[in-house]
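Here is what each chain is made of, one letter per residue.
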Amino acid sequence: MSMLGKVRMKFQKISLTNTDLTEGSIAGGITIFAIPIFLGQLLQQLYNVADAWVVGNFADNNAFAAVASSGSLVFLIVGFFNGVAMGGGVIISHYFGARDKKSVACAIHTNFLFGIISSVAATIVGLIGLPYLLTLMKIPKEVLPESTTYFQIYIAGVTTVIMYNICMAVMRALGDSLHPLYYLLISSVVNVVLDLLLVAGWDMGVKGAAIATVFSQGLSMVLCVIRMCRETDYTKLDFKQLRYDSRMMKDVLQQGLPSGIQNSVISIGNIVVQTNINSFGAFAMSGSGAYSKIEGFVFLPISSMSMALPTFVSQNLGAAKYQRAKKGASFGMFSGMIMAEVVGVILYIWCPVGLRLFVDSAEAIKFGTLHGRTVSFFFFLLAFSHCAAGVLRGCGKSIIPMSAMLAFWCGVRVVYVTLILKVIPEFQMIAWAYPLTWTLSSIVFVISLWKLDWEKTAF
C-alpha cells in the first residue's frame, strides 16, 4: 500500500462518525450520506407540521393561518445566518478532504463563534423589526394578534435555531449526518408532546405552539454541542479555542455570504408573494400554508440530495479527485430530478386529500389545491436548481447560485406577481410565478455547469 493510502486509512479511523466521501462507491456514498439528512429534514418538518396540525385541529382558522403562513418571515430571520453556516461547511469539507487538520479545527471554531455573534444580532434585530415586517406583509386584522404572539416568542428563542443549524452544518461537513438525526428524533418527539400538552390540553393556542418549537429546537442544539465537545481529536469543539481568525473568517464569509444574502433576499421576495396571497383573505392564507407543509414533506428526498452534494463535491475537490466529484454531481442532479417528477405526479393526484390533514374548510382546500396542481408538474426544474446550486457551492462558486436566485427567485418573481395581479387578479396567477422562475434559474445553471472547470475552484 502506498504512503498516501496508509495516511488516508489512518485518517478514516480517527472517528467512526466523520465519513470520508472520497473513497468507495459514488452512488452508494452519496445515498448513504443523504439518507440521515433526509430523515433529519423529515423530523425538522415535524416541528412546523406538528404546530400546524395541532393548531389547525384544536384552535380556530385565524390561529392556523398565523402559524401556517410563518415560513417566509421565519426564513428571513434565520436564512442569512444559515446561509453563512452552509458556506462554512463547504470550507470545512474542503480542508477535511485535503487532510489539513489544523485548518479543520480553526474552521470549526470560527463557525461556532460566528453562530454565537449571529444569534445575539438576530434576536435584537428581529424583535425590533417585527412590527414593521408584519405591517408590510398586510396580515389581515383578524390574524395579526396571533401572528404577533407567535413571532415574538419564536424570535426571542431564535438562538436555538441558529446555533443548531451551525452545529449541524459543521457535523455534516465532517461527514457525520447520523448524530444530527438522532438529536432531531428526540427533540421532535418532545415537540409533539409539548404541542399536545400546551395547545390541545392547556388551550394556549399559538403561544403554546411557539414555546414547544423553541424548547424542542433548543434541546437538539444542546445535544449537538455536547456531542461536538466530546470528540477526542482535532474535530473537538473547545470553548477555550473560540477566537477570531481573520483569514478563516474571510474564507467562511467568502463562501457563506453569497448564500446568506441569497436566502435573505429570496425570503423578502417570498414575503412579497405571501403578502399578495394574504390579500385574498384568511382562507387563501390557510390553504397556501397547508400546501406549503405538504410540499415541504414530499420534496424532502430532493432537498436532502441537494444538501449532500456540497459536502461530497467539496471533499473530493479537496482531495484533488476532480472526475469523482463531477460524476457524483451528475448522479445527484439526475437522481433529484427523477425523484421530483415522481413526487410531483403523486402530489397532483392526492393534493386535496393531503390538505384535509391540516384544514377542514372547503374554501381553504380549494386555494391549496389550485396552488399545488399549478406547480407540481414542474418539480423537476426546482430539483435541478437546488441540486445544481449545491454542486456549485461545493465547487466554491457560491456567487453563481446567489446571482441566479436573486435575479429570478426574488427579482422576477416579485415583478411578475406585482404586475400580473393588476392585469389578471386571480389567485392562480401567483402560483405560476414559481414554475416561471424555476425555469429561468435552471437555464442559468445549465450554462454555468457546462462551462465549469472542475480543476479551478475558489479555494
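Reading the values: the criteria
All chains use their own residue numbering, which begins from 1 and follows the written sequence. Residue-level local features of this predicted model are given only where pLDDT is at least 70; pairs of side-chain atoms are given and counted only at 80 or more, and the full residue set underlies all totals for whole chains, interfaces and linings. With hydrogens and water excluded, all non-hydrogen atoms of the structure serve as input to the side-chain values. Any pair of Phe, Tyr and Trp rings, taking the six-membered ring for Trp, is counted once the centres come within 6.5 Å. Such a pair is stacked with planes under 30 degrees apart, edge-to-face with planes over 60 apart, and tilted for the rest. Going along the chain from the N terminus, every DSSP run of H or I of four or more residues is numbered as a helix, and every run of E of two or more is numbered as a strand. Accessible area is worked out with a 1.4 Å probe on protein chains only. A residue is then buried under 20% of its type maximum, exposed over 50%, and partly exposed in between. Only lysine NZ and arginine CZ atoms are considered, and such an atom sits over a ring when it is within 6 Å of the ring centre and within 35 degrees of the ring normal. A side-chain nitrogen of Lys or Arg and a carboxyl oxygen of Asp or Glu constitute a salt bridge if their distance falls within 4 Å. Here, the term nonpolar core denotes a set of buried Ala, Val, Leu, Ile, Met, Phe, Trp, Tyr and Cys residues that are joined through side-chain atoms within 4.5 Å. Side-chain atoms alone can form a polar contact between residues adjacent in sequence; in general such a contact is a pair of N or O atoms within 3.5 Å, and within protein one must be able to donate a hydrogen while the other accepts it. An expected span of 1.5 Å times one less than the residue number is assigned to each helix.

### Quick look at the packing of aromatic side chains
Here the distance between the centres and the angle between the planes together describe a pair of aromatic rings.
Okay, step 1: Under the counting rule described, the total for this entry stands at 10 aromatic pairs.
Okay, step 2: The interplanar angle of 20 degrees and the centroid separation of 4.7 Å between the aromatic rings of Y348 and F377 together place this pair among those described as stacked. Of this pair, Y348 sits in helix α13 (residues 322-355) while F377 sits in the loop between α14 (362-375) and α15 (379-394); the two residues are 29 residues apart in sequence, bridging distant segments of the chain.
Okay, step 3: Assessed through its relative accessible area of 31%, Y348 is described here as partly exposed.
Okay, step 4: By relative accessible area, F377 is classed as partly exposed at 38%.
Okay, step 5: Among the aromatic residues, those joined into a ring-pair cluster are F299, F379, Y434 and W438.
Okay, step 6: The ring of F367 has K366 lying over it, and the distance from NZ or CZ to the ring centre is 5.4 Å.
Okay, step 7: The ring of Y348 carries the charged tip of R373 above its face, separated from the ring centre by 5.1 Å.

### Quick word on the pattern of salt bridges
Okay, step 1: Per the counting criterion, the structure on display carries 3 salt bridges.
Okay, step 2: Between E23 and K321 there is a salt bridge, with its nearest N and O atoms 3.1 Å apart. With E23 in the loop between α1 (3-12) and α2 (26-58) and K321 in the loop between α12 (300-318) and α13, the pair connects residues that are 298 residues apart, well separated along the chain.
Okay, step 3: Taking the relative accessible area as the measure of exposure, E23 reaches 34% and is therefore partly exposed.

### Section: the nonpolar core
Okay, step 1: Counting 65 residues, the largest nonpolar core has F379 and W454 as its most contacted members.
Okay, step 2: The leading source of residues in this core is α15, at 10 residues.
Okay, step 3: By size, the runner-up hydrophobic cluster in this structure holds 57 residues, among which are L43, V161, A173 and V206.

### Here we look at the side chain of S314
Okay, step 1: You can see S314 is positioned in helix α12.
Okay, step 2: Looking at S314, the relative accessible area reads 0%, which means it is buried.
Okay, step 3: A distance of 2.9 Å separates a polar side-chain atom of S314 from the backbone oxygen of V90.

### Observations regarding helix α7 (residues 158-173)
Okay, step 1: Here α7 spans 23 Å end to end across 16 residues, near enough to the 22 Å set by a 1.5 Å rise per residue.
Okay, step 2: Across the 16 residues that make up α7, a large majority, 15, are buried.
Okay, step 3: G175 occupies a position one or two residues after α7 and carries a positive phi of about 90 degrees.

Any functional reading would require information beyond the geometric quantities listed.
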